[in-house]
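Read off the chains here:
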Amino acid sequence: MAHIVVLGAGTGGMPAAYELRAELGREHRVTVINATDFFQFVPSNPWVAVGWRDREAITMPIRPYLEKKGIEFIPKAVTRIDADNNTLELVDGATVQYDYLVITTGPKLAFDEVAGAGPEGNTHSVCTVDHAEKAFADYQEFMKDPGPAIVGAMQGASCFGPAYEFAFILNRDLRRRRLRAKVPMTFVTSEPYIGHLGLGGVGDSKSLLESELRNNDIKWITNAKVSRVEPGKMFVTEHDDTGAVRKEHELPFKFSMMLPAFKGVDAVAAVPGLCNPRGFVLIDEYQRSKKYRNIFSAGVCVAIPPVEVTPVPTGAPKTGYMIETMVTAIVHNIAADLTGKPAKTRGSWNAICLADMGDTGAAFVALPQIPPRNVNWFKKGKWVHLAKIAFEKYFMYKMKTGSSEPVYEKHVLKALGIERLEH
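Residues numbered from 1 in each chain as written. Predicted model: local features only at pLDDT ≥ 70, side-chain atom pairs only at ≥ 80, totals over all residues. Heavy atoms only, no water.

On to the overall build of the protein. Looking only at helices and strands, one finds eleven helices and 22 strands in the protein. Taken over the C-alpha trace, the protein has a radius of gyration of 21 Å; the compact-globule value for 423 residues is 22 Å, and the two agree within 12%. Projected onto the principal axes, the alpha-carbon positions of the protein cover approximately 65 × 45 × 45 Å. Counting every position in the protein, which comprises 423 residues, the buried fraction comes to 58%. Sequence separation of at least 24 residues holds for 65% of the intrachain contacts in the protein that already meet a minimum separation of 6. On the protein, roughly 17,200 Å² of surface is accessible, and the fraction owed to carbon and sulfur atoms is 51%. (Helix = DSSP H or I, 4+ residues; strand = E, 2+ residues; numbered from the N terminus. Rg over C-alpha atoms; globule rule 2.2 N^0.38 Å. Buried < 20%, exposed > 50% of the residue type's maximum accessible area, 1.4 Å probe, protein only. Contact = heavy atoms within 4.5 Å. Areas by Shrake-Rupley, 256 points an atom, 1.4 Å probe, with all protein chains shown as cover.)

Here you go:
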C-alpha cells in the first residue's frame, strides 16, 4: 500500500485528492494536508470584496467531504519537507511519512516586496477570502465618503485577470449605488500594455479591454512599478518600452486593490533542488520534480517561465483548465508508477479563462499558452458573466460531492463551442 499526500487543498489540491481516490482505489492511502480547515473558491473573491457574495457561499469545511471518500485530512501547516527521507514536519511537531507527495499549495503572496502594500498595509487584495472580506469592510466605509480608487497588479504579478475583474466589478457596483461619479478610477499594471495578461495578449484583448476601460471612464498606467504605498497615496514609476523611466506618479486614493507578485511557500521553497529562486517547483513534462522522482506538483506553485521579457517584470498565469490537466496528469503518472510503468501523461499548456466584468464578461482561449498559437481567441458578452456564475455553482457542487469529473473538459469547453483539446 502506498501513501500519497496532497499538500494544499485549493482548486488543485481538492480535485487531486478526489481523482487519486477514484483512480487508485481503496488499497492505497490518500491524505490531504492544508493550513486551514476550509476550502475556498478563490475566483469568487472579487465578488466578496463588493458584497455580491458572502463567505458561506464560496467556502466549505474540508474534513466531512474528504472523509466521505475515504481520504484523510490534517488541518495543519507544514513547516518543513525532508524530501530525502519522505517526511513532512507539521507546525505542532508531528511528522507524516509519504511515498508520493503532490504539492498544490498555491503561492505565497509577496506583499513585502513593496513597502506599504497589502491588507496589513495600505492596499487590499482578493487573493484569499479573508482578504476579500477585509476589503469589503473597508469598502463599506469608503462608500460613506467616496474618492479616488486604484486597482491593478504590481510588478512581478502573474495573475492579471482578477485585477481587471475587480476594476469592472467595482465600477459596476458603484454605478448601481449612484456613487461612480464621485470615484475617479485608475488601473495600474505592470503589463507592457492593457490586455497583455501575462500571455503576450490573446486575440483582440488589447483593444477590447482598452475600449472597456475607456468606455467606463477608467484611466490606466502600464509598464508600472509601484515603489511604495503610503496611507492615501501610491508612488508609481511608469517605464517606457525600453525599461527607462518615463514618468513618476503620486496617485491619491481612498480605496485600492492591488494584486501582488507570487512566490513559493516557505516550506516548499526551502527544499534543496526542488524550486527555482522564487520558490516555484521545477517540474518535467510529467508534472514531476526534476530532482525528487516521487514529488509532483500542479497549479500556481509550479515554475513556468514568462511568455516574454517585459520592461517591468510580469509572470505567466496558471489558469483553471491548465491546473485541471496538470492534476489529471499527476494522478495517471502516479498510478503508472505504482504498477512499474513509465509516466506518459502530460498536462496542458493551454489557457482558458472566464472573467467577470460586472454585468458582462470576457472569455479567452490561448492554445497553446505560449505564442505562436493554434487558437488565439478573445470574446466579450453577458453570456460570460452568466457562465462564470454557473461555473462557481458547479465547482462548489463538485467539491461537495467528491466528483472526479473534469470540469473544464466536460463543461467549459463545451460552453465555448470546443469539444476537445489535445493535451
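On we go.
Across the sheet, which stays open at both edges, the five strands sit in the order 5-2-1-9-19 with parallel pairing between neighbours. Strands at the two margins of the open sheet, each flanked by one partner only, are strand 5 (72-74) and strand 19 (295-297). Sheet twist, expressed as the average angle between the axes of neighbouring strands with direction ignored, equals 20°. Inspection of the sheet shows strand 9 (residues 100-103) paired to strand 19 by three bridges, in the parallel sense. Looking at the pairing, Leu 101 lines up with Ile 295 of strand 19. Relative to the sheet, helix 9 (residues 320-338) contacts strand 1 (3-7), strand 9 and strand 19, its axis offset from that of strand 9 by approximately 175°. (Pairing = 2+ DSSP bridges. Axes fitted to C-alpha atoms, helices over the stretch in contact; angles between N-to-C directions.)

With that settled, consider empty space enclosed by the protein. Applying the stated criterion across every chain yields a total of one cavity of 30 Å³ or more. The calculated volume of the largest cavity comes to roughly 120 Å³. Elements that contribute at least two residues to the lining of the largest cavity include exactly helix 6 (161-176), strand 20 (351-356) and strand 21 (361-367). With four residues, the top contributor of residues to the lining of the largest cavity is helix 6. Among the residues forming the lining of the largest cavity, the class breakdown is eleven nonpolar, one polar and two charged. (1 Å grid on protein atoms, 1.4 Å probe; cavity = no way out; pocket = protein on both sides within 12 Å on 5 of 7 lines; lining within 4 Å. Points joined across faces, edges and corners; volume = space filled by probe spheres on them. Nonpolar A, V, L, I, M, F, W, Y, C, P; charged D, E, K, R; others polar.)

Packing of helix 1 (residues 13-24) against helix 10 (residues 382-401) brings their axes to within 10 Å, and their N-to-C directions diverge by 45°. Here helix 1 is positioned oblique relative to helix 10, judged by the angle of their axes. Of the two elements, helix 1 crosses helix 10, and the hand of that crossing is left-handed. Facing Met 14, Pro 15 and Tyr 18 of helix 1, the residues of helix 10 in contact are Phe 395, Lys 398 and Met 399. (Parallel < 35°, antiparallel > 145°, perpendicular 65-115°, else oblique. Left-handed = near helix turned anticlockwise from the far one by under 90°.)

Strand order across the open sheet formed by three strands is 20-21-22, with antiparallel pairing between neighbours. The open sheet has two edge strands, strand 20 and strand 22 (375-380), and neither has a second partner. Looking at each pair of strands side by side, their axes are set apart by 5° on average, direction ignored. With six bridges joining them, strand 20 and strand 21 adopt antiparallel strand pairing. Bridging from a neighbouring strand, Leu 354 pairs with Ala 363 of strand 21. Helix 10 contacts strand 20, strand 21 and strand 22 of the sheet and is inclined by roughly 100° relative to strand 20.

Counted by the stated rule, this structure contains 23 salt bridges. The salt bridge partner of Lys 254 is Asp 145, with a shortest N-O separation of 2.8 Å. Separated by 109 residues along the polypeptide, Lys 254 in the loop between strand 16 (245-252) and strand 17 (255-259) and Asp 145 in the loop between helix 5 (129-142) and strand 11 (149-153) bring together distant segments of the chain. Here Lys 254 falls in the partly exposed class, since its relative accessible area comes to 41%. A salt bridge links Glu 238 to Arg 246, with the shortest nitrogen-to-oxygen separation between them at 3.4 Å. Looking at Glu 238, the relative accessible area reads 11%, which means it is buried. Residue classification places Arg 246 among the exposed residues on the basis of a relative accessible area of 61%. (Salt bridge = Lys/Arg side-chain N within 4 Å of Asp/Glu carboxyl O.)

Where burial is concerned, most of strand 21 is hidden: seven out of the seven residues are buried. Neither face of strand 21 is open: one carries Gly 361, Ala 363, Val 365 and Leu 367, the other Ala 362, Phe 364 and Ala 366, and all of them are buried. Hairpin remark: strand 20 followed by strand 21, antiparallel, with four residues in the connecting loop; positive phi at Gly 358, about 95°. In this sheet, strand 22 lies alongside strand 21 in antiparallel orientation, the contact comprising six bridges. From the neighbouring strand, Ala 366 faces strand 22, where its bridge partner is Asn 376.

Now for the pairing of strand 12 (residues 185-189). Regular strands place side chains that alternate from one sheet face to the opposite one. The buried count for strand 12 comes to five of five residues, which makes it a mostly enclosed element. Because side chains alternate across strand 12, one face comprises the buried residues Met 185, Phe 187 and Thr 189, and the other comprises Thr 186 and Val 188, equally buried. Sheet topology places strand 11 next to strand 12; five bridges connect them, and they run parallel. The residue of strand 12 that forms the bridge with Val 151 is Phe 187. Remark: the strand 11/helix 6/strand 12 crossover connection has right-handed handedness. Direction of pairing for strand 12 relative to strand 13 (residues 218-221): parallel, over a ladder of four bridges. Residue pairing in the sheet places Val 188 in a bridge with Ile 221 of strand 13. In terms of handedness, the path from strand 12 via helix 7 (residues 205-215) over to strand 13 forms a crossover that is right-handed. (Right-handed = clockwise from strand over helix to strand, strands pointing away.)

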